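Breakdown of the fold
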2 protein chains.
Amino acid sequence: MSKKNAFYAQSGGVTAVINASAAGVIEAAREHGDVIGKVYAGRDGIVGALTEDLIDTSEESAGAIAALRHTPSGAFGSARYKLKGLEESRAQYERLIEVFKAHDIGYFFYNGGGDSADTCLKISQLSEKMGYPIQAIHIPKTMDNDLPHTDCSPGFGSVAKYTAVSIREAGFDLASMCKTSTKVFILEVMGRHAGWTAAAGGLAAEAEGQDPHILLFPEIAFDEDKFLARVEDCVKRYGYCTIVASEGVRNADGEFLSDAGNTDAFGHKQLGGMAPTLAELIQTRLGHKYHYAIADYLMRAARHIASQTDVDQAYAVGRAAVEYAAAGKSGIMVSIVRESDEPYQWSIGEAPLEEVANVEKMMPREFISEDGFHITDAARRYLKPLIAGESYPPYADGLPQYARLKKVAVKKKLKDTFEI
Amino acid sequence: MSKKNAFYAQSGGVTAVINASAAGVIEAAREHGDVIGKVYAGRDGIVGALTEDLIDTSEESAGAIAALRHTPSGAFGSARYKLKGLEESRAQYERLIEVFKAHDIGYFFYNGGGDSADTCLKISQLSEKMGYPIQAIHIPKTMDNDLPHTDCSPGFGSVAKYTAVSIREAGFDLASMCKTSTKVFILEVMGRHAGWTAAAGGLAAEAEGQDPHILLFPEIAFDEDKFLARVEDCVKRYGYCTIVASEGVRNADGEFLSDAGNTDAFGHKQLGGMAPTLAELIQTRLGHKYHYAIADYLMRAARHIASQTDVDQAYAVGRAAVEYAAAGKSGIMVSIVRESDEPYQWSIGEAPLEEVANVEKMMPREFISEDGFHITDAARRYLKPLIAGESYPPYADGLPQYARLKKVAVKKKLKDTFEI
């Protein structure tokens, strides 16, 4: 196998641990100098490949790369830019191959969710069709935990931990104040189609009456009367009610309860305003004083409370992608394989991209309690190890010290520019 | 001095560290068995005193009391219940004295903000008038940092740290994504009249271009055009714009930009919706994609990222209250005295309650930059030490282990009940 450079890009919404995967890729590649030359990162994800705006990661010190392990966000920039089918987006795919050829790139590491698995698959297919050899390997990342064929998606464990910790803390607050003040608290969490994040909030309730009292999932059609009856029951029973609500909660007709009306580049609706919608309903129908928090990006950026399991797995899948590439593999996603629940043991595996691309893993119905308002023991067994362990970043002057890279640009070799 | 029991109550909105003050009071009282008998805590704050619903803290183990140091919320329950003037609320004050007499209570430790300092003052005045000796000492607490005659208010340092950490993390997220996605992020923080919390967010920006780019204070009249011009300038300059906005931002007429319309028991307006108001404005006028988070209670409950300085000070003021009481003092608030900025050195002092009650400490104008959108070096010197140090709670199974007390009720001695 001749020595080739590698391309690495981050895709879609970033997480608290996607940079740990980047560190895994770059550190492992540096150890494989026999087959891998330089690792070029796409500035702003795949956009950097299309515009030939590559970052030379060899300009970053070993210390800076190691610091990526505790740095949230996408250090090289990520993008919401979806490549469509090979015919529809032919110009983009051909441009990618052109850039890869120009920079002697033989490895394509794409770090993202379902959409990027699809892009990764197409690159690997195109590589065969166009006779330019590229090993394309997908590194899983998504806080939504909706990738199939892996025990979990790196990025999820940390939002899960953030949610469970936050609602436990808010619940203690409510319990203190409910006698004379707020009776209902709603934490709105991200999660468009699957209720994984809301489910994770349920871990904080380890005994009867503990917070959160109610979870609202996109998987369960919202029933206003049933919900309000449950809220009222909690207020009577515990003095207050704590709720974790997924932004993607829908009514029986499948319409989002609240909808900001915007769509992103992938055609996904930008959601928001679930918490105030529920709060308004509770105040109007039940008359209770409420408060709500909207976690939004804070949850996916919260490296300060990242799960150690998540950080370890994110780093491991990054390293493994390079190992698989060095072993000649292509067209696969690196996966996490659960060996046992308790103690949680996991190993690294692989899944063919054909089976991963554009498949959304929904939460199993048996993870949701029969009444639809909480999680089951099966869900607890699955979720519990994913939030285990605290991986604290270093601090100075009270603030976390996150890596700020040099991001030195690779000299362009192509004459043509490309408009994205 | 004859041995008397003590009464301790938590008042107003709870914080991540008010229980550290409770631990300080109870532990110090246990060391002063010569003059202090039992510490009775009011269940749900002063409400517990009025309804003779007292918690016997001697039933809690030393371990449980120590665990309060790392437990957010008000472990005995807090209340938004304001006693008014001595004439207006005569029945309440007389009832308090009656309950104190019945339980041989000679010390009144009230842990709260400006309103509770006022109550504390009135108790000490009433004690003289009614000839029943009570030493009333106020223990400062408020995340709003608006108590006068103290370097800072315990509870503030931790929300300050939460805000600075959160906006730094969200800023890293935005920087990753702004090329193809969100351009503006708004973090709405609590803070009704003073911009201390928003100011603290400014600490995260340690160099030109770092997050947050814009702070919005209640102290500075909101100027729509100036604000939008600044947002646009940041987007041009940095590719995106991060904003920390106080919920209490007002226009030139002094009206809150957004107002949920509810009022609490103290007559304060319940605010909310500042972030969506600003976001809407930005989208309409500038067309940028936005995201926003509303921290709400998450910030004041976030013991997982509490400031070590804050925890230490909260504990110290609790202990000092008992020491002052044992030394025969009354009618004072325990205060924190800044000895030096760097290194930050502080000691414990006292302030007469007449000078504390109902006085709101505003942020000095010289802490806000001339253009009104950020903090000055003077603000940094003041704020920086308050967020220093990380005081992590213990974890099990990925979740913080917060104290859940037994809260054993003291047997009632009075025949009359009291309706609150």
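Thresholds, definitions, all that
Residues numbered from 1 in each chain as written. Chains lettered and ligands numbered in written order. Predicted model: local features only at pLDDT ≥ 70, side-chain atom pairs only at ≥ 80, totals over all residues. Heavy atoms only, no water. UniProt positions renumbered as here; feature names shortened; annotations may be inferred. Helix = DSSP H or I, 4+ residues; strand = E, 2+ residues; numbered from the N terminus. Rg over C-alpha atoms; globule rule 2.2 N^0.38 Å. Buried < 20%, exposed > 50% of the residue type's maximum accessible area, 1.4 Å probe, protein only. Pairing = 2+ DSSP bridges. Right-handed = clockwise from strand over helix to strand, strands pointing away. Least-squares fit on C-alpha atoms with pLDDT ≥ 70 in both. Contact = heavy atoms within 4.5 Å. Axes fitted to C-alpha atoms, helices over the stretch in contact; angles between N-to-C directions. Parallel < 35°, antiparallel > 145°, perpendicular 65-115°, else oblique. Nonpolar A, V, L, I, M, F, W, Y, C, P; charged D, E, K, R; others polar. Expected span 1.5 Å × (residues − 1). Polar contact = N/O pair within 3.5 Å; in protein donor to acceptor, adjacent residues only side chain to side chain. Core = buried A, V, L, I, M, F, W, Y, C linked by side-chain atoms within 4.5 Å. Buried area = accessible area lost by both parts, 1.4 Å probe. Salt bridge = Lys/Arg side-chain N within 4 Å of Asp/Glu carboxyl O. Phe/Tyr/Trp six-rings, centres within 6.5 Å; stacked < 30°, edge-to-face > 60°. Lys NZ or Arg CZ within 6 Å of the ring centre and 35° of its normal.

- An unreviewed UniProt entry lists chain A under the name Pyrophosphate--fructose 6-phosphate 1-phosphotransferase, from Salinisphaera aquimarina.
- Regarding chain A, the relevant UniProt record gives this comment under Catalytic activity (unreviewed entry): "beta-D-fructose 6-phosphate + diphosphate = beta-D-fructose 1,6-bisphosphate + phosphate + H(+)".
- Recorded under Sequence similarities (unreviewed entry), the UniProt text for chain A is reproduced unchanged: "Belongs to the phosphofructokinase type A (PFKA) family. PPi-dependent PFK group II subfamily. Clade 'B2' sub-subfamily."

1. Observations regarding the overall build of chain A
- In terms of regular secondary structure, chain A is built from 13 helices and 15 strands.
- The C-alpha atoms of chain A give a radius of gyration of 22 Å, which matches the 22 Å a tight globule of 420 residues would have.
- Counting only C-alpha atoms and orienting by the principal axes, one finds that chain A spans roughly 70 × 45 × 40 Å.
- Going through the 420 residues of chain A one by one, you find that 66% of them count as buried.

2. Focus: the pairing of strand β9 (residues 241-246) of chain B
All names here are of chain B.
- Counting buried residues in β9 gives six out of six residues, a clear majority hidden from the surface.
- Residues Cys241, Ile243 and Ala245 of β9 are buried on one face, and the alternating residues Thr242, Val244 and Ser246, pointing to the opposite face, are buried as well.
- In terms of strand pairing, strand β7 (residues 184-189) meets β9 through six bridges, oriented parallel. Looking at the pairing, Phe185 lines up with Thr242 of β9.
- Note on the crossover from strand β8 (residues 214-216) through helix α8 (residues 224-238) to β9: the handedness is right-handed.

3. Concerning the relation of the copies chain B and chain A
- Its rotation angle being 180 degrees, the transformation that places chain B on chain A also includes 0.0 Å of axial translation and leaves an RMSD of 0.0 Å. Between the two chains, the operation in question is that of a two-fold axis. Looking at the rotation axis and the C-alpha trace of chain B, the residue lying nearest is B:Ile294, at 2.4 Å.
- When you check the interface residues of chain B against chain A, 100% turn up at the interface there too, and the contact is symmetric in its surfaces.

4. Digging into the packing of helix α4 (residues 90-102) of chain A against helix α5 (residues 114-130) of chain A
Residue and element names in this part refer to chain A.
- Two elements in contact, α4 and α5, have axes whose closest approach is 11 Å; the angle formed by their N-to-C orientations is 70 degrees. Looking at the two axes, α4 sits roughly perpendicular to α5. Packed against α4, whose contacting residues are Tyr93, Glu94, Leu96, Ile97 and Phe100, the element α5 presents Thr119, Lys122, Ile123, Leu126 and Met130 at the interface.
- Considering only residue class, the contact of α4 with α5 consists of seven nonpolar, one polar and two charged.

5. A word on the sheet that holds strand β5 (residues 135-140) of chain A
All names here are of chain A.
- Strand order in this open sheet of seven strands is β3-β2-β1-β4-β5-β12-β13, and the pairing throughout is mixed. In this open sheet, the two edge strands, each paired with only one partner strand, are β3 (54-56) and β13 (345-352). Looking at each pair of strands side by side, their axes are set apart by 30 degrees on average, direction ignored.
- Pairing of strand β12 (residues 332-340) with β13 involves eight bridges; the strand directions are antiparallel. Each bridged residue has a counterpart across the sheet, and for Ile332 the counterpart in β13 is Pro352.

6. Quick notes on α5(A)
Residues and elements named next belong to chain A.
- A rise of 1.5 Å per residue sets the reference length of α5, with its 17 residues, at 24 Å; its end C-alpha atoms lie 24 Å apart and thus fit the reference within 8%.
- A large share of α5 lies buried, amounting to 13 of its 17 residues.
- Once α5 finishes, Gly131 follows within two positions and takes phi at roughly 70 degrees, a positive value.

7. Some points on the UniProt feature "site: Important for catalytic activity and substrate specificity" (unreviewed entry) in chain A
Residues and elements named next belong to chain A.
- Residues annotated by UniProt as "site: Important for catalytic activity and substrate specificity" (unreviewed entry) correspond here to Asp115.
- By the element assignment, Asp115 lies in helix α5.
- A polar atom in the side chain of Asp115 sits 2.9 Å from the side chain of Lys82.

8. Examining the packing of α8(B) against helix α9 (residues 274-286) of chain B
Residue and element names in this part refer to chain B.
- Between α8 and α9, the least distance of the axes is 11 Å, while the angle of their chain directions is 75 degrees. Looking at the two axes, α8 sits roughly perpendicular to α9. Facing Glu224, Asp225, Phe227, Leu228, Val231 and Glu232 of α8, the residues of α9 in contact are Leu278, Leu281, Ile282, Arg285 and Leu286.
- Here the contact of α8 with α9 is built from residues that sort into seven nonpolar, no polar and four charged.

9. Quick word on the nonpolar core
- Core analysis: the largest hydrophobic core is formed by 181 residues, its most contacted members being A:Tyr8, A:Phe109, B:Tyr8 and B:Phe109.
- Apart from the residues within four sequence positions on either side, A:Tyr8 is in contact with A:Ile18, A:Ser21, A:Ala22, A:Val25, A:Val39, A:Tyr40, A:Ala41, A:Gly42, A:Phe76, A:Phe109, A:Asn111 and A:Ile139.

10. Structural notes on helix α1 (residues 18-31) of chain A
Residue and element names in this part refer to chain A.
- Taking 1.5 Å as the rise per residue, α1 with 14 residues should run 20 Å; its terminal C-alpha atoms sit 20 Å apart, in good agreement.
- Of all 14 residues in α1, twelve are buried; the element is thus mostly enclosed.
- For α1, every residue scored as buried is listed here: Ile18, Asn19, Ala20, Ser21, Ala22, Ala23, Gly24, Val25, Ile26, Glu27, Ala28 and Ala29.
- Elements that come into contact with the buried residues of α1 comprise β1 (4-10), β2 (36-42), α3 (62-67), β4 (105-112), β5 and α11 (308-326).

11. Remarks on the interface of chain B and chain A
- In this complex, chain B contributes 72 residues to the contact, which on the side of chain A involves 72 residues.
- Taking both sides of the interface into account, the surface hidden between chain B and chain A amounts to around 6300 Å²; carbon and sulfur atoms contribute 57%.
- If you sort the residues of chain B by the area they bury against chain A, B:Glu169, B:Phe172 and B:Tyr297 come out on top, with a joint share of 11%.
- If you look at where chain B meets chain A, you find four salt bridges.
- At the junction of chain B and chain A, the tally comes to 31 residue pairs in polar contact (both at pLDDT 80 or more).
- Contributions of two or more residues to the side of chain B that touches chain A are made by β4 (78-79), α6 (156-177), β7, β12 (290-294), α10 (297-301) and β16 (399-400) of chain B.
- At 13 residues, the largest contribution of residues to the side of chain B that touches chain A is made by α6(B).
- For the side of chain B that touches chain A, the per-class residue count stands at 34 nonpolar, 21 polar and 17 charged.

12. Some words on the packing of aromatic side chains
- Within the structure shown, the criterion is met by 29 aromatic pairs over all chains.
- With 5.6 Å between their ring centres and 35 degrees between their planes, A:Phe367 and A:Tyr382 make a pair best called tilted. In this pair, A:Phe367 is assigned in the loop between α12 (353-356) and α13 (377-383) and A:Tyr382 in helix α13, connecting sequence segments 15 residues apart. Note on accessibility: A:Phe367 and A:Tyr382 belong to one class, buried.
- Look at B:Phe222 and B:Phe227: their rings are 5.1 Å apart centre to centre, the planes differ by 55 degrees, and that puts the pair in the tilted class.
- Judged by relative accessible area, B:Phe222 falls into the buried class, the value being 12%.
- On the basis of relative accessible area, B:Phe227 is assigned to the buried category, the value being 0%.
- Members of the aromatic cluster, connected to one another through ring pairs, are A:Phe7, A:Phe100, A:Phe108 and A:Tyr110.
- One residue, A:Arg69, lies across the ring of A:Tyr315, its end atom 3.6 Å from the ring centre.

13. Here we look at the UniProt feature "active site" (unreviewed entry) in chain A
- Residues annotated by UniProt as "active site" (unreviewed entry) correspond here to A:Asp144.
- The topology assignment puts A:Asp144 in the loop between β5 and α6 (156-177).

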